[in-house]
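Coordinate inspection notes
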Amino acid sequence: MRVLVTAFEPFGGAETNITQSVLSLLPDSIADWAIEKVCLPVSFKRAPLVLQEAISTYTPDIVIMLGQYPEGENIRLERFAINMMDSTKGDNDGYISNEETIYPHQPLALQTSLPIKELLRFCTDNVLPIQVSNSAGLYVCNRVYYEALYLHQQAIFVHIPKNMDLPLAQRTIGQVLKNLSHCFS
Ligand code: PCA
């Protein structure tokens, strides 16, 4: 099995993005899974292209996408991607999106096919700070999540709070990966 894990570069004038740090700390394999890592640009236009390229290069069985979330204490397992882009802040190319549909004539929302409730149960049993979320927002994270699900990838988007303790974030993402590898073995 091959898993593609993506993170994002910093955005909004910040110098870091916690997802980049988590990505760099992940091992290159977990159980019999090979882990491929890619960092995506915070760009409505370029991020889906980089994702498409990574998918055609690595042909992953599963895609785990990491994004930074501005607040909260818990890691959020995103259930849906929404067919819309909207933001008051520009992306890293300075692009501001105003209620744009991503793909016309496609569903308003796409849902992950991965076992989100099982992942949640496994992590909470291990006292890890995690919850299910029903909206990844309408910014670049949601845009790439929609792309992955539109391409029929088995994918899940995981939002990490910006100020989370890094070892805790790393441990939680490690457990998410481990649990998924059990589900597929
Ligand atoms: N978080 C943003 C984009 C990149 C990131 O890490 C988001 O939630 O859309």
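One can find the structure itself at the top, above this paragraph.
Okay, so let's go over this structure. Note that the structure is a prediction, hence the values are computed from the model and not measured.

It is worth spelling out the site of the ligand at this point. Near the ligand, the surroundings consist of F8, F11, N17, V42, G67, Q68, Y139, V140, C141 and H159. The backbone of Q68 places a nitrogen or oxygen atom 2.8 Å from an oxygen atom of the ligand. At a separation of 3.0 Å, an oxygen atom of the ligand approaches a polar side-chain atom of H159. Relative to its free-state accessible area of 270 Å², the ligand is covered by the protein chains to the extent of 94%. Taken together, the elements giving at least two residues each to the shell around the ligand come down to β4 (62-69) and α4 (140-150). Across the shell around the ligand, the residue classes break down as 6 nonpolar, 4 polar and no charged.

Over its 13 residues, helix α2 (residues 46-58) extends 18 Å from the first C-alpha to the last, a length consistent with the 18 Å expected when each residue adds 1.5 Å. Along α2, the positions that sit buried rather than exposed are A47, P48, L51, A54 and I55. Looking straight down α2, one finds that the buried residues subtend no more than 125° of arc, so they occupy a single side. Exposed side of α2, more than 90 degrees from the buried face: L49, E53, S56 and T57 are the residues found there. Buried residues belonging to α2 abut β1 (2-8), β3 (33-40), β4 and α4. Phi turns positive one or two residues past the end of α2, at T59, with a value near 40°.

Counted under the stated rule, the structure contains 6 aromatic pairs. With 6.0 Å between their ring centres and 45° between their planes, F11 and Y139 make a pair best called tilted. Of the two residues, F11 is situated in the loop between β1 and α1 (18-25) and Y139 in the loop between β8 (130-133) and α4; the sequence distance between them amounts to 128 residues. On the accessibility criterion, F11 (19% relative accessible area) is buried. Given the relative accessible area of 13%, Y139 is considered buried. Consider the rings of F44 and Y95, whose centres lie 6.1 Å apart with planes at 75°: the pair is edge-to-face. Of this pair, F44 sits in the loop between β3 and α2 while Y95 sits in the loop between β6 (80-82) and β7 (109-111), and the two are 51 residues apart along the sequence.

An α-helix turns once per 3.6 residues; consequently, residues spaced three or four apart project the same way. Buried residues of helix α3 (residues 116-125): I116, L119, L120 and C123, and no others. Buried positions in α3, seen along its axis, are confined to an arc of 100° and lie on one side of it. Exposed side chains of α3 directed beyond 90 degrees from the buried face belong to K117, R121 and D125. Looking at the residues trailing α3, positive phi occurs at V127, about 55°.

Phi at E99 is positive, roughly 45°, even though this residue is not glycine. On the secondary structure map, E99 appears in the loop between β6 and β7. Judged by its relative accessible area of 56%, E99 is exposed.

Two modes of strand pairing occur in sheets, parallel and antiparallel, and in both the strands are linked by backbone hydrogen bonds. Here we have 7 strands laid out as an open sheet, ordered β2-β3-β1-β4-β9-β5-β8, and mixed in their pairing. Each edge of the open sheet carries a strand with a single partner, namely β2 (29-30) and β8. As paired strands, β1 and β4 are joined by 4 bridges and run parallel to one another. By the bridge assignment, V3 is partnered in β4 with I62. Relative to the sheet, α3 contacts β5 (75-78), β8 and β9 (155-161), its axis offset from that of β8 by approximately 160°. Of the strands in this sheet, β1, β3, β4, β5 and β9 are in contact with α4, which crosses β9 at around 165°.

Basis of the calculations
- Residues numbered from 1 in each chain as written.
- Predicted model: local features only at pLDDT ≥ 70, side-chain atom pairs only at ≥ 80, totals over all residues.
- Heavy atoms only, no water.
- Near = heavy atom within 4 Å.
- Polar contact = N/O pair within 3.5 Å; in protein donor to acceptor, adjacent residues only side chain to side chain.
- Areas by Shrake-Rupley, 256 points an atom, 1.4 Å probe, with all protein chains shown as cover.
- Helix = DSSP H or I, 4+ residues; strand = E, 2+ residues; numbered from the N terminus.
- Nonpolar A, V, L, I, M, F, W, Y, C, P; charged D, E, K, R; others polar.
- Expected span 1.5 Å × (residues − 1).
- Buried < 20%, exposed > 50% of the residue type's maximum accessible area, 1.4 Å probe, protein only.
- Arc of directions from axis to C-beta.
- Contact = heavy atoms within 4.5 Å.
- Phe/Tyr/Trp six-rings, centres within 6.5 Å; stacked < 30°, edge-to-face > 60°.
- Pairing = 2+ DSSP bridges.
- Axes fitted to C-alpha atoms, helices over the stretch in contact; angles between N-to-C directions.

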